[in-house]
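Letter by letter, the chains look like this.
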Amino acid sequence: MNTTPATDTGGAVGTAAVDTVIIGGGQSGLALGYYLAQQHRDFVILDAGTRVGDAWRSRWDSLRLFTPAKYDGLPGRPFPGDPLAFPTKDEQADYLEDYASRFHLPVRPNSAVTRLSHDGQRFQVTAGTQRWTAANVVLATGACQLPRTPGFAAELPSDVVQLHSHQYRNPGQLQPGSVLVVGVGNSGAEIALETSRTHETWLAGKPSGELPFRHGRAAARFVFPVIRFAGLHVLTTNTPVGRKALPKIGAMARPLIRTKLADLGAAGVHLVPRVTGVEDGEVMLDGGRRLSVANVIWCTGFTEAYPWLDIPALPANWREQQHRGIVDALPGLYLLGKELIFAEASETLPGVGRDAKYLAKRLAATRTPQPAAEVRSGLAA
Ligand SMILES: Cc1cc2nc3c(=O)[nH]c(=O)nc-3n(C[C@H](O)[C@H](O)[C@H](O)COP(=O)(O)OP(=O)(O)OC[C@H]3O[C@@H](n4cnc5c(N)ncnc54)[C@H](O)[C@@H]3O)c2cc1C
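A few points on the structure. (Residues numbered from 1 in each chain as written. Predicted model: local features only at pLDDT ≥ 70, side-chain atom pairs only at ≥ 80, totals over all residues. Heavy atoms only, no water.)

Another point: the overall build of the protein chain. When you go through the protein chain residue by residue, the secondary structure sums to 9 helices and 20 strands. Computed over its C-alpha atoms, the radius of gyration of the protein chain comes to 22 Å, within 12% of the 21 Å expected for a compact globule of 381 residues. In terms of principal-axis extent, the alpha carbons of the protein chain reach across some 65 × 50 × 40 Å. A burial count over the protein chain gives 49% of its 381 residues as buried. For the protein chain, the exposed area adds up to about 17200 Å²; of that, 56% sits on carbon and sulfur atoms. Side chains of the protein chain carry 39 positive and 34 negative charges; the gap between the two charge centres is 8 Å. (Helix = DSSP H or I, 4+ residues; strand = E, 2+ residues; numbered from the N terminus. Rg over C-alpha atoms; globule rule 2.2 N^0.38 Å. Buried < 20%, exposed > 50% of the residue type's maximum accessible area, 1.4 Å probe, protein only. Areas by Shrake-Rupley, 256 points an atom, 1.4 Å probe, with all protein chains shown as cover. Lys, Arg positive; Asp, Glu negative; His and termini not counted. Charge placed at Lys NZ, Arg CZ, Asp CG, Glu CD.)

So, about the pairing of strand β4 (residues 115–118). Bridge analysis of β4 against strand β5 (residues 123–127) gives 4 bridges, and the strand direction is antiparallel. When the bridges of β5 are listed, L116 appears paired with V125. (Pairing = 2+ DSSP bridges.)

By nearness alone, 31 residues border the ligand, and S28, D47, F66, T67 and V113 come closest of all. Q27 places a side-chain nitrogen or oxygen 2.8 Å from an oxygen atom of the ligand. F66 is positioned with one of its backbone polar atoms (N or O) 2.6 Å from an oxygen atom of the ligand. Secondary-structure elements contributing two or more residues to the shell around the ligand are α1 (27–38), α2 (54–57) and α9 (349–365). Here the residues of the shell around the ligand are counted per class, giving 16 nonpolar, 12 polar and 3 charged. (Near = heavy atom within 4 Å. Polar contact = N/O pair within 3.5 Å; in protein donor to acceptor, adjacent residues only side chain to side chain. Nonpolar A, V, L, I, M, F, W, Y, C, P; charged D, E, K, R; others polar.)

This paragraph deals with the packing of α1 against helix α3 (residues 89–102). Put simply, α1 and α3 touch, their axes get as near as 11 Å, and they point 25° apart. Taken together, the axes of α1 and α3 are roughly parallel relative to one another. Note on packing geometry: the crossing formed by α1 with α3 is left-handed. Residues Q27, L30, A31 and Y34 of α1 form the contact with α3, whose own contacting residues are L96, Y99 and A100. Here the residues of the contact of α1 with α3 are counted per class, giving 6 nonpolar, 1 polar and no charged. (Axes fitted to C-alpha atoms, helices over the stretch in contact; angles between N-to-C directions. Parallel < 35°, antiparallel > 145°, perpendicular 65-115°, else oblique. Left-handed = near helix turned anticlockwise from the far one by under 90°. Contact = heavy atoms within 4.5 Å.)

Below is the structure:
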């Protein structure tokens, strides 16, 4: 397997040919890599981060997974330790790093893909000075790419500290004064609970319910198996109930998993209606109330985005025209680990291994003839 692009003496890089490029070396890219390595396939995993696991490592300091360890492992390697424990985000990151090295997966860190094109025959992948051609490309870049923040955030006075949840690490980043957390999803609720210990905290938005049991070891033992079964086998595009429910689930906010509204109340978090705009430096709430705060944390979610995708022939709705990660519009293009691509669990650790196995089987069934091992670009003459 030659997955190293040739380099000329000036640091410019030639073009290496591989069968499959996986863009993204998070849990999705690694799970697929495990299966492709078993097939002895010629592939490479390009990742923008400096270390495997960085997507988890860069989340806020106190984050623990919602899913118990027994569901947090990838194919071929159970998550070590107590199966009913909830790993910290760093333990999960370290597990992924160990996984990549244990199975010798060809991950190339510091390789942010800046362009993906197609010449009618093969894909061209550019990552800085590296270039690859491939018969198949798998987009495993996660569902949390572009942080979403409302446009009126820019109208807040410059002395208000503003962070998106992906930038938030701990309350030490905040200035004295009150905090407004915008968005009552799981991130918003957990972050508000944390900031309420050091700052007066307001939490804006409409809660969309909470799980009707306490999150913890007992739930991991008795309730999570049922949730996992439903997310993996019932709520899929293969079942009538799944086909009906998945579009609705996609459009809905998820219920709170670990934090209860009663916990927020007991911690003194003020629950207020959704934010509608900014006026005279103050935050406007639905119903007309105004808030003047020192800090705002936007827990307003993410958008899946591919700004580097440069394939004009793809129809605008190519993302919707996919089945179990196989993009109908362009043979050889695949998605993995994205929200609801097959099942309710597709974007999560309990679901990604099964989706990866399916894609690997499809890739094996459509093995394409390989061109010469190395296609020189002319740069490295
Ligand atoms: C706060 C939070 C808590 C969560 N908790 C849980 C939980 O408890 N259990 C659970 O199962 N799921 C959880 N999830 C959901 C899900 O498991 C994670 O989002 C997970 O990180 C998704 O894995 P992934 O490999 O698909 O994407 P990511 O982990 O996001 O990995 C994508 C990789 O692609 C790389 N990348 C992106 N763009 C490029 C590019 N242009 N070129 C090269 N590389 C690129 C990134 O560097 C990254 O390493 C949580 C999500 C969040 C946000």
